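# Structural characterization, general
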Amino acid sequence: MEDKPVLSRHLILPDISIRQVNSDNSVTSFDYKQICEMIDFWKVLLWEKYNARPGHKAVVEFNLTGVYYYSAVFACWELGITTIVDWVHAKNKTQAHSKYFRTHGQIDYAIVYSEQFDPDSVFYHKYDCLRTELNCNYVITEKEFNDYEIKDPNIFNNVAHKIFAEPDTDAIWTATSGSTFDPKQQKVTHKETVLQARRLVKHLEIQEDDNILHNSNLHHGASACYHFLPSLIQSKNHFIMDIYYPGSLEEIGKGYGERLYSLVKNEKINRLFLYTPNLLNYFLLNSKPYSHRVDITTLYYCPRKQIQLAKDKNVNLIKSVFGDTTIGYGFLVKSVFPMSENLDTYEPSKISAKLDDFFDFKIDENKHLYISIPGLGKTDWKTSKDCFEL
């Protein structure tokens, strides 16, 4: 099974430890056996109660409960269920009814954090709920997972440990932004995603004994490859921390940054996956200089001010990722070594030297970036309509 290129628990390092730092700073720890038990239970719940079968579709959209997210995603993949990613927020009724959310047709399951549907919760978004209810047949929460009682004990033998996905089964579907006419469905198979994740283990230079922190749970196409699959494959020490704080955006950022600084310092975390530029900024603004090596992977765009902050905090390396739904992947745009970076000549939008033959890039006269993926036999050029310096 390990040699079969499908997304399953067999990709995860067997001696893995995931420590989830909760809002009250308590820590919940999970080992490989516990994660696998959760994967098994999600599979049985989906199969027995909801008649889940290969070819069905699911949105997995947890905010804070980290291991619920990972185990539900792997359960879907093992069942051969396609996960829908890059579901943006709906800010009004019109957006909730938009073509963007109807691109994938009717989705079988939304697996979500219960507080997202609780009007008294800070995580409640009225139009996100409407978006989900309009487009998904069933809404399943972690509360249902915790309370469910299996009807047929024999189902474990038939479902829990069986891998239903094949290498060419679709693993991830996403929608393009719709900047060129209507949004279009983009599909990525198990084999393609596994290849990308294994490639990134090498190019991110992840080590087995790294202490890795993921800022929060991620349900995006690029982040699946960049922010948790490669590290789960290669590293055994993981931390997850939510970003919730009551108050203004500034207060949330300050509280998150201070907690993150303390965790990185005390646990000697040397590799951070900070998905957005804002999260990187919160971290840098509220950190003091580090005495151990700190490498960061974040979304593309690091301005001079941010690089100066990183230099002040003794951050060793920032790898920038550009996520592009037109190809279904993210890719490494550049590497910045803040300690040696000359800010007088630093250009935020300059692409690094090419890493390998997995992606090809070219830039037209309007500075639009075009991408093809010869490493997967996809040589047609796609453009993201984003501008870059040569």
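Attention here is on the structure that accompanies the text. What you see is a predicted model; the values in this text were computed from it and never measured. (Residues numbered from 1 in each chain as written. Predicted model: local features only at pLDDT ≥ 70, side-chain atom pairs only at ≥ 80, totals over all residues. Heavy atoms only, no water.)

## What to know about the overall build of the chain
- Regarding its fold elements, the chain presents 12 helices and 17 strands.
- When each of the 390 residues of the chain is scored for burial, the buried share is 56%.
- Restricting to contacts in the chain with at least 6 residues of sequence separation, those with at least 24 account for 67%. (Helix = DSSP H or I, 4+ residues; strand = E, 2+ residues; numbered from the N terminus. Buried < 20%, exposed > 50% of the residue type's maximum accessible area, 1.4 Å probe, protein only. Contact = heavy atoms within 4.5 Å.)

## Here's the deal with the pattern of salt bridges
- Counted by the stated rule, this structure contains 12 salt bridges.
- Here E78 and K43 are joined by a salt bridge, their closest N and O atoms 2.8 Å apart. With E78 in helix α2 (residues 66-79) and K43 in helix α1 (residues 32-50), this residue pair connects regions lying 35 residues apart in the sequence. Considered together, E78 and K43 belong to a single accessibility category, that of buried residues.
- Across the salt bridge formed by E144 and K49, the nearest N and O atoms sit 2.7 Å from each other. Of this pair, E144 sits in helix α6 (residues 142-147) while K49 sits in helix α1; the two residues are 95 residues apart in sequence, bridging distant segments of the chain.
- One salt-bridge network, in which partners are shared between bridges, spans R9, D40, K43 and E78. (Salt bridge = Lys/Arg side-chain N within 4 Å of Asp/Glu carboxyl O.)

## Considerations on the pairing of strand β6 (residues 136-141)
- Bridge analysis of strand β5 (residues 107-112) against β6 gives 5 bridges, and the strand direction is parallel. Note that in β6 the partner of V112 across the bridge is T141.
- Chirality of the crossover, the property in question, places the unit of β5, helix α5 (residues 126-135) and β6 among those that are right-handed. (Pairing = 2+ DSSP bridges. Right-handed = clockwise from strand over helix to strand, strands pointing away.)

## Focus: the side chain of T83
- Topologically, T83 is positioned in strand β4 (residues 82-84).
- The class for T83 is buried, based on a relative accessible area of 5%.
- Engagement of the side chain of T83 in a polar contact is seen with the side chain of W77, the distance being 3.3 Å.
- Leaving out residues up to four positions away in the same chain, T83 has contacts with A58, C76, W77, A171, I172 and W173. (Polar contact = N/O pair within 3.5 Å; in protein donor to acceptor, adjacent residues only side chain to side chain.)

## Focus on the packing of aromatic side chains
- According to the stated counting rule, one finds 17 aromatic pairs in the structure shown.
- Summarising the aromatic geometry, the rings of Y261 and Y290 are spaced 5.5 Å apart at their centres and angled 55° between planes, so their arrangement reads as tilted. Residue Y261 is found in helix α10 (residues 249-266), and its partner Y290 is found in the loop between α11 (277-285) and β12 (295-299); the two are separated by 29 residues along the sequence.
- According to the relative accessible area criterion, Y261 is buried, its value standing at 13%. (Phe/Tyr/Trp six-rings, centres within 6.5 Å; stacked < 30°, edge-to-face > 60°.)

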